Structure formats: structure tokens, C-alpha cells
Amino acid sequence: MRPAPAGVALALAIAQAKDLEAQDLTQFVLPLTGSVNGGNTFPGVSLPFGVVKLGPDLYTGSDSYSGYQSSGSFIGFSLLHESGTGGAPKYGVVAQMPAIGAINNPLTNHSVGRSKADEARLGYYKSSLSNEVTVEMGATSKAGMLKYQFPGNAAAPNIIVDVSHVLPSFRGQGLGQNYLGGNISVTTTVGGVRYQGSGSYDNGWNRAPKWTVHFCGYFDQAATFKTFLGEDSTSDDLADYSDAETQDSDSRLGATFTFDTTEVTSRVGVSFISPDQACANVDREIPAGTSLETLENNVKTAWNDQVLSKITTTDTSNSTKLQLLYSSLYHMSLIPTNKTGENPLWTSSEPYYDDIFTFWDLFRCTTALMHILQPVAYEEFIRSLVDIWRHDGFLPDGRSSFFNGATQGGSNADNVLADAYVKMVRGAVNWDDAFSAMVTDAETVPPNNNDPRDTSSSTKEGRGALPDWIDHGYITTKYRRSASRAVEYAGNDFGLYQVAKGLGKDEDAQKYLNRSRNWRNQWNPDLEALGFTGFLGPIDEDGNFKDQDPLSCGGCYWGDDYYQGLPMEYSFNAHHDIEKLIELSGGTDKFVARLEKLFEGGVSSGNSQFNHTLFNPGNEPSFTSPYLFNFVGRQDLSVKHSRYVANSYYTPTAAGLPGNSDAGAMESWVLWSMIGLYPMTGQTTFLVGSPWFSDLAIDLGGGKKLAITTTGGSETAYYVQSLKVNGQSWDKAWVTWDDVFANGGTMDFVLGSEPADWATGAPPPSPATETS
């Protein structure tokens, strides 16, 4: 039987996927996936990239990054959260807390335990408290609904609105959020009561200065109320607790509402512009009479239409794989937050996105997937980054509450912009301005923000170690994280080369291409480990290499020479200059052997949860390494190791991530594994892996699709035997953007249980390596 032509195969795959598209794909989303064991995902209710993320805040004595923990006591239910962050919690503001009985002092501890596990499904969340109160939640983009059921025998059902409520931090890094003041006013309405006001706070993981959120809340049942005022901003000492309708102070304040009914519904809107805009948001998005069921259905529709339907399959035999697929799509689409129309710092016709955690985590494979699945939002996101530079002076590496920070390595927004440029993101992006923003990163030393974790240079934005990078072509230990920053700065400069070349700025292009090779100056040929010689190493202030164990990064944190990765891991990170890296590693055979050693159990003194491998699936510097075998003719080993990692460390369960989600970075890695490709950021290259499903249809927007099929595959038969791209036999372990994404296309795999030497064509490009 002759194979169907490429066009017929594409049409067939699209038609077959229609059945699953028509389904409610939210049934496969498990919001609690990755919420414990350090995954820190947010399991509450949110729209894609929505401002409001309504969910519980738990106290255990350890940091509740997303508000949620599976144990501990409820301390509130708040509208603003983030997902998959670290360092210190952010937000947990605009909160309510139910309480039973006389409230003599609303500032004291009113926490309460759980009576059973929380119930979470996409669009709906329910918490059951040990005092028999239940709280059900729904949300829109800028508003939320809370429905309380108090026990029938409850004495005085109350809800406390404490404007000073934030998610605390217990790590002692000086990043804990502080309440800085606020105001509240209460008025009665027909059959209910309304409160509105503002709260100001600072800090969180990005060490932000003062920022303000405004709120407007309704209770749809009649209530009596008291407002309260504390003696100061931190203690539980009361200065006033009365029927005053307003409070305005730098001290703690809020209001207590008391009801004569056991069922209470509250609708709350938020804004970063004004209380009036918060009222307009809730009035528009959750008008009186709206039901939780309506909100849930609307949220499901939004996720189905905007996110989940972007990848569909007719291969529905394994529900666990479907749950992992769609739960991962869900969690990588919670932040950044689209705050267009809610930016208090400047007026602009450009979109505004906030809550970027962080490009150090996201640039390797998350932003590339966001571009493919969300092309419209992604163009807006790129425009927002450039507009932040216009008004704040630097591109962000991380950003939250309208403030840049924190920068762990290089200026990795440069990589993101370069990736967007080479993959033809155009639209309304001003690429001359974008390149100017990148040049700011490459040439301007940011002011030192004197972060106690690293006082050597700025951790807020830009490249703090630029003086060494420009003067020496390497980074000395005068600057913290010197060795890992050097290889990232090289990648950043490669990004500038790519955009300069495309814009016809030939002199700039050559300059930054040359600088992108300076990671080689950080390569110490005398470092040895495990029979291998040559690794990225620290250089002292006199320009001499320091002795360094390639298998140790000390504390691996802000004050060390390598950040969250071993020297051996970072020594594989010159992804723009792989051909030179192979040469410095001792040639093809040695490079293969080095890579293999990363995945060998019992080699590392740490990583016990990963069988003591040097490869760490829970940290981004390792993300690309399983796929580098494609550069040396061993695509089978890329499949072997990437599939093993995905199968071993990812499940659609609460503890189902190998590390912190990092705002969807972990989820995007496993999504690429399932698709059977992996991006080389800043390049048009995608490395070929092995798809998990018999068919996938990826909606690229504008009527374009990428249809992927496999035959012969199973849980044990996943090695590529042959590949056709757009109906043509393919002998390369890579494809380009133009091959399969620019206009859509097809990829048809034959899989088997044993490796096959199918990828005999040219290796993937190494664009920064000199050509002979």
C-alpha cells in the first residue's frame, strides 16, 4: 500500500484530532499536579495568564510560595498568587478569612485547620475547614467569587478582611513581604454590603519596593460590620474597633463582617489603578446573581479554546499521558500575568505583562513553546518587554509587581528576543527598539542594588559583571557566580548577533559574534574529573585559573562561582557553539562519553532523589543536555535519556515534578519530550526526539498545523527507525522553524524497540563556530 501524500496525511491527522478537540479537555487537567514536594504550583482558580489567582493561603512555618500547602492551617483566601516560584512568596493579598463566634480582636490569629483534602478541578476550588466551614471559589480575569457555607449551629458567622494579610517568608533572606499601609471603606447596599480600598506592600522574591493593589468587594447578604485599626503595621494590638465606616493608616486595618445566614457569597475585584477600577472590574466580570457554576463553565471554555485545544490527539488509550499533557499545558500558562490596562507606572498603547519568573528559568524551552502555542499573546509579551525597557531602562530577567528582579545569571531576555526574531515574530514589534534594549544589556553596567545575597553587582537587571566581560573577555571571582554567568553572557551576546545580523547591522553583528565566543576563555583545560579534562572554571582577579572540582559547585547559590548547577553541567551550556565545545571536550567520542556520564547513577555525591546522577532534571542548566547527543550522531541516546528522565520524574500527581515548576519551565520540558522535539533557543533549530503519541496535531494559529504521527511505538518501542518531514525521507536529527512551524507541516515517525542508525545526514548547526 502506498503511503498517503503529505497533504492527505496532514488533512487526515487534523480530521482525526477533531474528536478530541470537541471534548472537554479540562477533564484531563489536574490542578494539584506539582503542588507539593517543592513543585510550588498554584492549584486554585485562574484564567490563562489571568490577574486573579484565587486560592487558599496556608501556614506551616515554611514558605507557601503559591499560598497552597497540603498540610497546615488556613490563614486566608486571597485573590493574588503566583505559580511555581521560589526565593520567597509573592502576593497572597486581597484576602478574606471566615471565622465563627465573637471576634474580639480581628488582628489575632484566626487560623483554622482542614477537615479533609481540598477539592480542585479546573475552574473550581473548595476548601473544607476543621470548624465545619466550607469555602468554594471561582474566578475571572480580574475578579473572584467566594461562597461560604457555615455550619447550621454556627454562632455569628463572620468574615474578616485584613488588608495587612500577605504570604510570609521564613527563609531569612530579607525577602519577606511587608505591609506598608492601606485604607478601607464600607457601605451598605440593597440586601448586602460593599467594601473597597487599597493596600501597599513591598518585597517578595524580586525584592520589590512599594507597590499598591486596589480592591472592591461585595457581600450579597446583609451584614453588620466593624472596621479595625491596629497600633502599628505588624502587631496584633488594636487601636480602634468600631462602627467607623473608613480606616486609612500605615497601621494594620480592615473590617469584620457578621451575618445572620449560614450561606454567604462574596464577589471581589482587583485593580492596580484605583478602587473605582476594581469595582468596575468586578461589576463587569461577576455581576450580582452570577453563579459559581457559570464561572466554572466560563473558565473551562477559556482554557479549552485558548490553551488546551492547541495540542490534540486521537491516541486516548493512556489517560495518565493525557493528564500529564494537559496538566502541563495548564501550569505553563498561568504566568506571566497579562496586566494590560492595569499598569500604574506609565501610560502606553503597548501591552503589559508582569510576573515573569524568570527568564533564567524560562528561556531554554518555555518561551519557545509559548511562541508556538500562543503566537498572539507571545507577540504582545515581546512588545511588553521592549516597553518595559523604554520606561524602566532595562529589560527584565524577572519582574513582579511592576519591578525588575531577580537576575540569577545573564540578561536572558536577550535570548528570548533573539529567539522571537529568528522565528519571525514581527507584527507590531519595534525591532530597532528591541535591539537597542539588548544593546543596553550588553554595554551598560546596571547600578548595584546591594542585594545581601550578592553585593558584588546588581541582581536586579542587566549584566552586573560587564566590566570584566568587556575588559577581559571572561569574568573573575570579583563577581559572584562568575563561571556560570560567563557562559550565559556568551549566549546573550549570540542573541545580539542574531538580531543585528537580521537588521543589517553588520559591524554590531561581528562584534557580538566575537564576544559570544568568549566563554572559551573561561574554559580551564587542566581541570579533571572522571577521566575527562577541561571544564568551565573560575578565574581569580589576577587572571589565573583557580582549582575547582568539576563535580562540585559548593553552595551552588548566589555567592558561589556556579549558580544551581555543577561545573560539569554548565560545561555543556555553550549551545550556540557546540562544535567548539565538542573540540574542547576531546572530540566526538569523548563528548559522547561525557554526556553519558551525566546520566550514570551513583556518580554524584548529591541528587539522591535522582539516583545520584550528575544530571539534575530539577534544574534548568541540565535541560538541554539529554538532546546534545544529536550533535554527535547518537540521536538514539537523546531518546533513551530524555524518555527515561520524563518517565522517571514526571507524573500527573501532586508530587509529580522533579523540582520547582519555575513558572512552567519543568512542564514545558516534558511537553517538548512528548511532542518529540526540543528547541535551541536563539536559533531556528529544533532537535528531534521521539513523540509519545500515535498522533499529535499542534495548532500554530492562522489556520496552520503541525501534524505528527508515529507507527510502531509503545512504552518500550520509542527509538526512531525512520522519519519523513512533509512527506520526504529525512536523515537529519534536527529540523528548522521553516521546515515545520512557519507554515505548518508533517512529521511521520517509525518507532521501534532498538536503536537504528537513521540520522546519517549533516549534524545540527553550530552557528557561533568558525567555518574553515
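Above this text you will find the structure in question.
What this report covers is the structure whose coordinates are included nearby. (Residues numbered from 1 in each chain as written. Predicted model: local features only at pLDDT ≥ 70, side-chain atom pairs only at ≥ 80, totals over all residues. Heavy atoms only, no water.)

Some remarks on the sheet that holds strand E31 (residues 745-752)
Then, in step 1: Ordered by their spatial adjacency, 6 strands build an open sheet running E17-E26-E27-E31-E28-E29, and the pairing between neighbours is mixed. Unpaired on one side and paired on the other, strand E17 (311-312) and strand E29 (728-730) mark the two borders of the sheet.
Then, in step 2: Summarising the sheet, strand E28 (residues 719-725) and E29 pair through 3 bridges and their orientation is antiparallel. Note on E29: the bridge partner recorded for Val-725 is Gln-728. (Pairing = 2+ DSSP bridges. Helix = DSSP H or I, 4+ residues; strand = E, 2+ residues; numbered from the N terminus.)

Describing unusual backbone geometry
Then, in step 1: Put simply, Ile-335 and Pro-336 share a cis peptide bond, and its omega is 15 degrees.
Then, in step 2: Looking at the secondary structure, you find Pro-336 in the loop between helix H4 (319-331) and strand E18 (337-338).
Then, in step 3: Note that the residue after Gly-405, namely Ala-406, is joined by a cis bond; omega there is 10 degrees.
Then, in step 4: Counting through the fold element by element, Ala-406 comes out in the loop between strand E21 (403-404) and helix H8 (413-422).
Then, in step 5: Of note, Ala-156 is a non-glycine position whose phi angle comes to about 55 degrees, a positive value.
Then, in step 6: Within the fold, Ala-156 resides in the loop between strand E7 (143-149) and strand E8 (157-162).

Observations concerning the packing of aromatic side chains
Then, in step 1: As enumerated under the stated definition, the model contains 45 aromatic pairs in all.
Then, in step 2: Relative to Phe-629, the ring of Phe-599 lies with its centre 6.4 Å away and its plane at 35 degrees, an arrangement referred to as tilted. Note that Phe-599 is positioned in the loop between helix H15 (588-598) and helix H16 (635-649) and Phe-629 in the loop between H15 and H16, a separation of 30 residues in sequence. Neither residue differs from the other here; Phe-599 and Phe-629 are each classed as buried.
Then, in step 3: Aromatic side chains Tyr-627 and Tyr-678 sit 4.6 Å apart centroid to centroid with 15 degrees between the ring planes, which places their arrangement in the stacked category. Note that Tyr-627 is positioned in the loop between H15 and H16 and Tyr-678 in strand E24 (residues 677-679), a separation of 51 residues in sequence. Across this residue pair, the class does not change: Tyr-627 and Tyr-678 are buried.
Then, in step 4: Here the aromatic cluster, defined as three or more aromatic residues joined through ring pairs, consists of Tyr-91, Tyr-179, Tyr-201, Trp-211, Phe-272, Trp-346, Tyr-352 and Phe-402.
Then, in step 5: Taking NZ or CZ as reference, Lys-460 lies 4.7 Å from the ring centre of Phe-403, over its face. (Phe/Tyr/Trp six-rings, centres within 6.5 Å; stacked < 30°, edge-to-face > 60°. Buried < 20%, exposed > 50% of the residue type's maximum accessible area, 1.4 Å probe, protein only. Lys NZ or Arg CZ within 6 Å of the ring centre and 35° of its normal.)

Purely geometric stuff here, so don't read any function into it on its own.
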